[in-house]
Amino acid sequence: TREHHALHDARRALRQHFGYPDFRPPQRRAVEAVLSGADALIVLPTGGGKSLCFQVPALLRSGLTVVISPLISLMKDQVDALDRRGVPAAYLNSTLSAHDVAARLARARDGAVKLLYLAPERLEGGAVLDALSRTGVSLLAVDEAHCISEWGHDFRPSYRRIGAIRERLGQPQTVALTATATPAVRDDIIRQLALHRPTIVVGG
């Protein structure tokens, strides 16, 4: 089946770029959900390999994956690690000049970047959002998605606006990821992002 082929390709990309022989069971369910084209909410503990659940599918699909992440230091670490593994990734944050931002957006438009990391605040400036909606976003990954909920810890008001941003981007397939979320926070994430019949994966 097509799903079987997709998972086979995902395992190959996992071995080739990340050096792991296979996904853990909750990771596999999450990757299958993302590969199927469905919206998804993924709750995996810290150290459970959440990032792989969107990084590997991003490598297998055409188009750009945009990753919303709240921490500048984490973003840079992830992009540096991806670069070392031969995965074309970049980040946009407040440490970059306007010239650097424009150059990275141009690389994303030309297909030279597969994964583009940014803080939600960066999307509130219209220029970046306009550029991304022109480029087209094939997958939107919202990391630390509990930040969207007033019932979660680390609430960030800019996360509340990701739903509207997603609409401006043409409602791309969206995967929300977090390490911890009570059922109330999960429901809030789904509602705030307007996820369409999402697959929910909770790993212990």
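See the structure printed just above.
Residues numbered from 1 in each chain as written. Predicted model: local features only at pLDDT ≥ 70, side-chain atom pairs only at ≥ 80, totals over all residues. Heavy atoms only, no water.

Section: the overall build of the chain
Rules: Runs of E in the DSSP output that reach at least two residues are strands. Runs of H or I that reach at least four are helices, and both are numbered from the N terminus. With C-alpha atoms as the basis for the radius of gyration, the globule rule is written as 2.2 Å multiplied by the number of residues raised to the power 0.38. The buried label goes to any residue with under 20% of its type's maximum accessible area, the exposed label to any with over 50%, and the partly exposed label to all in between, with areas taken from a 1.4 Å probe on protein chains only. Every residue pair with non-hydrogen atoms within 4.5 Å of one another is taken to be in contact. For accessible areas, the Shrake-Rupley method is used with a probe of radius 1.4 Å. Any residue's cover is judged against the shown protein chains and nothing else.
Each helix and strand counted, the chain has nine helices and seven strands in total. For 204 residues, the compact-globule estimate of 2.2 N^0.38 gives 17 Å, and the chain sits close to it at 16 Å. For the chain, the spread of C-alpha atoms along the three principal axes comes to 40 × 40 × 30 Å. When each of the 204 residues of the chain is scored for burial, the buried share is 50%. The long-range share in the chain, meaning contacts at least 24 apart out of those at least 6 apart in sequence, stands at 74%. As displayed, the chain offers around 9400 Å² of accessible surface, 51% of which is attributable to carbon and sulfur atoms.

A word on the pattern of salt bridges
What counts here: Take a side-chain nitrogen of Lys or Arg and a carboxyl oxygen of Asp or Glu: if they are within 4 Å of each other, that pair is a salt bridge.
One pass over the structure, following the stated rule, counts eight salt bridges. The shortest N-O distance in the salt bridge between Asp9 and Arg12 comes to 3.4 Å. Of the two residues, Asp9 and Arg12 are both situated in helix α1 (residues 2-18); the distance of three residues between them amounts to about one turn of the helix. A relative accessible area of 29% means that Asp9 is categorised as partly exposed. Connected through shared salt-bridge partners, Arg160, Asp188 and Arg191 make up one network.

Structural notes on the sheet that holds strand β5 (residues 137-142)
Heads up, the condition is: A pair of strands is considered paired only if DSSP assigns at least 2 bridges between the two. In this description, a line fitted to the C-alpha atoms serves as the axis of each element, helices being fitted only across the stretch in contact, and the angle between N-to-C directions of two axes falls anywhere from 0 to 180 degrees.
Ordered in space as β3-β4-β2-β5-β6-β1-β7, the seven strands form an open sheet in which the pairing is parallel. Bordering the open sheet on either side are β3 (89-92) and β7 (199-202), each of which pairs with just one other strand. On average, adjacent strands in this sheet sit at an angle of 15° to one another, irrespective of strand direction. With four bridges joining them, strand β1 (residues 40-43) and β7 adopt parallel strand pairing. Its bridge partner being in β7, Val43 is matched across the sheet by Val202. Sitting on the sheet, helix α3 (residues 52-60) is in contact with β1, β2 (64-68), β4 (115-118), β5 and β6 (173-178), with an inclination near 140° to β4.

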